[in-house]
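A look at the structure
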Amino acid sequence: MDNASNCNKLVEILPQYIPTFCGTSARVCCTAHILNLVAKSFMSFFFKKRSSKKTTNVSDDRLVVEYEDIDTDEIINEELEIDDSTAEDDDGHGLYNYEVAATLHEQAIQIMHRQSIIVSAAEMKEALQLMPKVSGLARHINDSPTLHEEFDQLVQRNNQLDGSKWTLDQRVATCWNSDFQCLLSCKYFQKEVEQITAISKHGLTSYQLSANQWSLLKDLIDALEIFKEATDLFSQKDVPLIMDVLPIFFDIRLSLTDILMDKKNHIRPILKVAAKAALLMIEKYTILTSESEVYYIAIVMCPDRKLDWFKEHDYHDERIEEIKDMVVKQWTQNYKLDGDEEPYDGETQVLFILFYLLNNIHV
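A short tour of the structure in this document, coming up. (Residues numbered from 1 in each chain as written. Predicted model: local features only at pLDDT ≥ 70, side-chain atom pairs only at ≥ 80, totals over all residues. Heavy atoms only, no water.)

For the rest of this paragraph, the subject is helix α2 (residues 31–43). Under the 1.5 Å per step criterion, the end-to-end length of α2 is 18 Å for 13 residues, consistent within 8% with the ideal 18 Å. With 12 of 13 residues buried, α2 is to be regarded as a mostly interior element. (Helix = DSSP H or I, 4+ residues; strand = E, 2+ residues; numbered from the N terminus. Expected span 1.5 Å × (residues − 1). Buried < 20%, exposed > 50% of the residue type's maximum accessible area, 1.4 Å probe, protein only.)

In structure tokens:
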């Protein structure tokens, strides 16, 4: 079920019409949508959005929120218009996703500032220009027959390329993984990108990346790998993956925490702040998953996980006992056959509930 507020209301009202529906305890949220929002929260630090006029800066060692833009140039404005038109054609889903992600942007900056992780104005400016430059260049080259032909010729002359790509990937504003592919292709064609943006007659010099932006691009690709495997997994259709939701979010949270806990200061401050924003988004939607018993029952019913998974991932004994009681309660109330004098043993109960989950629930 989608994560929109009208679906929240539906969950509240539906038991009145379908008594067997257990409300929030039986709700399964759209995991792919949550993943998209988490990744977009991370990526919000690499785009400049027109609708967000306030910026957070540090002055005299104090955090100051100012209602001014950071040098919004022509490239960024051009990409903003493309994003706006895409959002309008997407029945408002793109705008909704952006607004949800943007709510945690400033909060993450402030939290990390209190932990002495500060993004300088120069670093923020270069980061905000990164995706508009990369996506704008790809769009111009693919939309212009002349530029496309010129880029093809540069690619053909590079014998070091393995032939897995032939052109720059374009992004789709509503899908974070298209940002990832756009960055990957730019890295793959770094030599060609540097060549074509250096030729003034093409009008692409403003899309040149600085040495620091190239380095940031590569670091960003590495960080986004955190979300890629999960997005690919939950984008599949008709696959029962309900038992994978909590484990995958646990792994993502752990990877993002590793970025924050970088003691050797090898990771850029902007990536740490972005990781914090993503973690805040996960926490926001963890509330929904914690209300649903289905996620926990599915793990207990999974033959290679069971209650051991919770023990291995440092759940408290009291919580594990609650999860065990939850499974028994569901069996007793909804699956135990009337009139049985001899109760089923634990393994039989597990098989019954597992059969139900695998045949009725998809993420």
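The rest of the description comes next.
Running from N to C, helix α8 (residues 176–188) and helix α10 (residues 211–234) cross one another at 140°; their axes reach a closest spacing of 9 Å. Here α8 lies oblique to α10, going by the angle between them. Considering how the two elements wind past one another, α8 and α10 form a crossing that is left-handed. For the pair α8 and α10, the contacting residues are Trp176, Asn177, Phe180, Gln181, Leu183, Leu184, Cys186 and Lys187 in the first and Trp214, Leu217, Lys218, Leu220, Ile221, Leu224, Glu225, Phe227, Lys228 and Thr231 in the second. In terms of residue class, the contact of α8 with α10 is made up of 11 nonpolar, three polar and four charged. (Axes fitted to C-alpha atoms, helices over the stretch in contact; angles between N-to-C directions. Parallel < 35°, antiparallel > 145°, perpendicular 65-115°, else oblique. Left-handed = near helix turned anticlockwise from the far one by under 90°. Contact = heavy atoms within 4.5 Å. Nonpolar A, V, L, I, M, F, W, Y, C, P; charged D, E, K, R; others polar.)

A few words on the packing of aromatic side chains. Aromatic rings considered in pairs are described by the distance between their centres and by the relative angle of their planes. Enumeration according to the criterion identifies 11 aromatic pairs in this entry. Pairing Phe42 with Phe227 gives two aromatic rings, centres 5.8 Å apart and planes at 70°, and the pair type is edge-to-face. Pair noted here: Phe42 is in helix α2 and Phe227 is in helix α10, with a separation of 185 residues, a long-range link. Taking relative accessible area as the criterion, Phe42 reaches 0% and is therefore assigned buried. Look at Phe151 and Phe189: their rings are 5.3 Å apart centre to centre, the planes differ by 75°, and that puts the pair in the edge-to-face class. Of this pair, Phe151 sits in helix α7 (residues 145–156) while Phe189 sits in the loop between α8 and α9 (190–197), and the two are 38 residues apart along the sequence. Given the relative accessible area of 0%, Phe189 is considered buried. (Phe/Tyr/Trp six-rings, centres within 6.5 Å; stacked < 30°, edge-to-face > 60°.)

Here we take up unusual backbone geometry. For Ser116, which is not glycine, the phi torsion reads 70° and is therefore positive. With a phi angle near 65°, Asp314 is a residue other than glycine that sits in the positive phi range. Here Asp314 is to be found in the loop between α14 (308–312) and α15 (317–335). The class for Asp314 is exposed, based on a relative accessible area of 66%.

Geometric values such as these leave the question of function open.
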